[in-house]
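Descriptive analysis of the structure
Given next are the chains, with one letter for each unit.
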Amino acid sequence: MNKTEGPSRVPPFAGAGNLVYREPQVPRFVSGSGCWLTDDGGRRYLDAEAANGTVAWGYDAELLREAYSRCESLPALPSFCESDLRLKVLSRLERLVSDALGAPGRVELDLGGAQAMETALRIAAAANGPGTVVVVEGAFHGRSGVTSMLSSSPRYRELLAATGLEVVRLPSPDCRRCPHSPVGGGCTTGCRSAVTRWGSELSGVGGKDFGRKVSAFVFESVQNVGGMVEPDHLWLRSAVDHARRQGAVVIADEIFTGMHRVGPRWGFQRAGVTPDVVVTSKGLTNGGAALSMVWSREPLGAPDRYRPGSHSSTYIGIPSALAVVDTVLDRWEAWTTVDKDVQRLEEAMRERLTAVASRHPSLVQRVDAMGGTARIVLAGPHAGRLRHLFRTAHPRAGALVATTGMADDVVNVHPPLVIGEADLDVFAEIFDTALEELG
Ligand SMILES: Cc1ncc(COP(=O)(O)O)c(C=O)c1O
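Keep in mind that what you see is a predicted model, and the values were worked out from it rather than measured.

A few words now on the packing of helix α12 (residues 383-392) against helix α13 (residues 421-438). Where α12 contacts α13, the two axes come as close as 8 Å, and the packing angle between them is 125 degrees. Put simply, α12 runs oblique to α13. α13 is crossed by α12, and the crossing has right-handed handedness. On α13, the residues touching Arg385, Leu386, Leu389 and Phe390 of α12 are Ile430, Ala434, Glu437 and Leu438. The residue inventory of the contact of α12 with α13, partitioned by class, reads six nonpolar, no polar and two charged.

Encoded structure:
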């Protein structure tokens, strides 16, 4: 365990800019199995963060061994070359979305979430010309130059941002933060009409009647970094219908919510909306490779619209990444009871978190569960402190949970989807101890 305090805790040869050294004590992990990680001092941690919901299948060395055995003879390929493995993975990925939407599409690969969101914006621009992008307050779509413009926190734009991009933000779908609903009573018709005014003469935003178009409307079916917020379904349907009437390409950011993280295969199925472009990554790889995908409804990504050469990068779709996805897709295919099982996980998390929260009413305002995610809403901005206590307070084991700067009163919980009842009991015990310490 690195116990050095202050900025000097960052080793002199290590980059300091990412989140690794945000805490004075940073565990160094040496192994993982199932839902558990072990650090170099032998302390075990129940991982309820799971690389931001990426490790759906837990830590499983067999998965990686199997994947690499599928690409031993082709460890690398020039990025402009085709292979049977690439074609196989593309067609499997296409069906993942096309089957859900009942419409054919095309799949582009990319390296990570932010890059894939940029590719999605390129596809929208190819259809509509470069124009305004409409997003939602509380959104997080990445930290690259362009996606930092879409993400809500201005912190992400301080050092690099594509300031030329015009971005318009619809009001927050989080009733706790929405000025129209100070008591958190849910969306009203006023809230719904607030997301359907753009494109009018008074709105200051272009649309179908203007030369300056809205190129894309981008949404998350459940805001992750924004504090695990699910937009009211009618609110989201109004926003999507309006965007479509105005000619915008509707982009679903399913980077976090995709592949059953919030229940159904795609988060947008919860609200019953039908996007034109779907972006996902985490649930495809179990964290074993850098690969994301952009599905676009035909003909948005067809070669006469989105021409060959519109996007490329050296490592996109290298065989090792494709083999990881191919192996993970086999696992998903074999999990025939996933809908029912994730529903059970939701109930099990709700039950345990509610029981612990009820013992600490002055600290916890409420808990919610949605599929394989849950959120703990605290009575004040103590999420960072509680995250630390989750890791350190219990004498026998720690737990890893997520918190974000955008929601400093919310702890996000998104364990591997394969977590069992016994591990959830341990999680509840650690949660209880952490709250006692916080109190
Ligand atoms: C909803 C959402 N969009 C975009 C991203 C950015 O993905 P990446 O970190 O792979 O760039 C994330 C990452 O957590 C995310 O949760």
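Moving on, there is more to tell.
Taken as a whole, the protein is organised into domain 1 (7-62 + 337-438) and domain 2 (70-334). Inter-centroid distance (C-alpha atoms) of domain 1 to domain 2 is 26 Å. Tallying the contact residues gives 25 residues for domain 1 and 24 residues for domain 2. A total of five residues in the side of domain 1 that touches domain 2 trace back to one element, the largest contributor, which is helix α11 (residues 338-358). Partitioning the side of domain 1 that touches domain 2 into residue classes produces 11 nonpolar, 11 polar and three charged.

It is at 10 Å that the axes of helix α3 (residues 84-101) and helix α10 (residues 319-334) come closest, and there the two elements cross at 45 degrees. In terms of axis orientation, α3 runs oblique to α10. In this structure, α3 meets α10 at a crossing whose hand is left-handed. Within the contact between the two elements, α3 uses Leu85, Arg86, Lys88, Val89 and Arg92 and α10 uses Pro319, Leu322, Ala323, Val325, Asp326 and Leu329.

The strands making up a sheet are joined through hydrogen bonds of the backbone, oriented either antiparallel or parallel. The seven strands are arranged β4-β10-β9-β8-β7-β5-β6 in an open sheet whose pairing can be described as mixed. Of all strands in the sheet, those bounded by a partner on one side alone are β4 (105-110) and β6 (167-170). Going across the sheet, the axis of each strand differs from the next one's by a mean of 20 degrees, ignoring polarity. Where strand β7 (residues 214-219) and strand β8 (residues 249-253) come together, four bridges link them in parallel fashion. For Phe217, the partnering residue across the bridge sits in β8 and is Val250. The strands that helix α4 (residues 113-128) touches are β4, β5 (132-136), β7, β8, β9 (277-280) and β10 (292-297); relative to β10, the one it contacts most, it runs at about 20 degrees. Helix α7 (residues 233-245) rests against β5, β6, β7 and β8 of the sheet, and its axis sits at about 160 degrees to β7.

Burial of strand β12 (residues 373-378) is extensive: five of the six residues sit out of reach of the surface. As defined by bridge partners, strand β11 (residues 364-370) adjoins β12 across six bridges and the pair is classed as antiparallel. Considered in β12, the bridge of Asp368 is made with Arg375. Counting the residues between successive antiparallel strands, the hairpin from β11 to β12 contains two residues, one of them, Gly371, with a positive phi of roughly 60 degrees. Of the strand pairs in this sheet, β12 and strand β15 (residues 407-413) are connected by four bridges, and their pairing is antiparallel. From the neighbouring strand, Ile376 faces β15, where its bridge partner is Val411.

What follows deals with the environment of Leu46. Along the chain, Leu46 falls in strand β3 (residues 44-47). Every residue in contact with Leu46, bar those within four places of it in the chain, is listed here: Cys35, Trp36, Ala397, Ala399, Asp423, Val426, Phe427 and Ile430.

The next point concerns the sheet that holds strand β2 (residues 36-39). The strand order across the open sheet built from four strands is β1-β2-β3-β13, with neighbouring strands paired in mixed fashion. Looking at strand neighbours, the two that pair on one side only are β1 (29-33) and β13 (397-400), the edges of this open sheet. On average, adjacent strands in this sheet sit at an angle of 30 degrees to one another, irrespective of strand direction. Where β3 and β13 come together, four bridges link them in parallel fashion. Residue pairing across strands places Arg44 opposite Ala397, the latter belonging to β13. Seen against the sheet, α12 touches β3 and β13 and runs at an angle of roughly 145 degrees to β13.

The next point concerns the environment of Phe427. By secondary structure assignment, the location of Phe427 is in helix α13. Spatially, the C-alpha atoms of Phe427 and Leu353 are 9.0 Å apart, while their sequence positions differ by 74 residues. Sequence-distant contacts of Phe427, that is, excluding residues within four places in its chain, are made with Leu46, Ala48 and Ala399.

Reading the values: rules and limits
Residues numbered from 1 in each chain as written. Predicted model: local features only at pLDDT ≥ 70, side-chain atom pairs only at ≥ 80, totals over all residues. Axes fitted to C-alpha atoms, helices over the stretch in contact; angles between N-to-C directions. Helix = DSSP H or I, 4+ residues; strand = E, 2+ residues; numbered from the N terminus. Parallel < 35°, antiparallel > 145°, perpendicular 65-115°, else oblique. Left-handed = near helix turned anticlockwise from the far one by under 90°. Contact = placed C-beta atoms within 7 Å. Nonpolar A, V, L, I, M, F, W, Y, C, P; charged D, E, K, R; others polar. Domains from an automatic or database assignment. Pairing = 2+ DSSP bridges. Buried ≥ 20, exposed ≤ 12 C-beta atoms within 10 Å, placed from the backbone.

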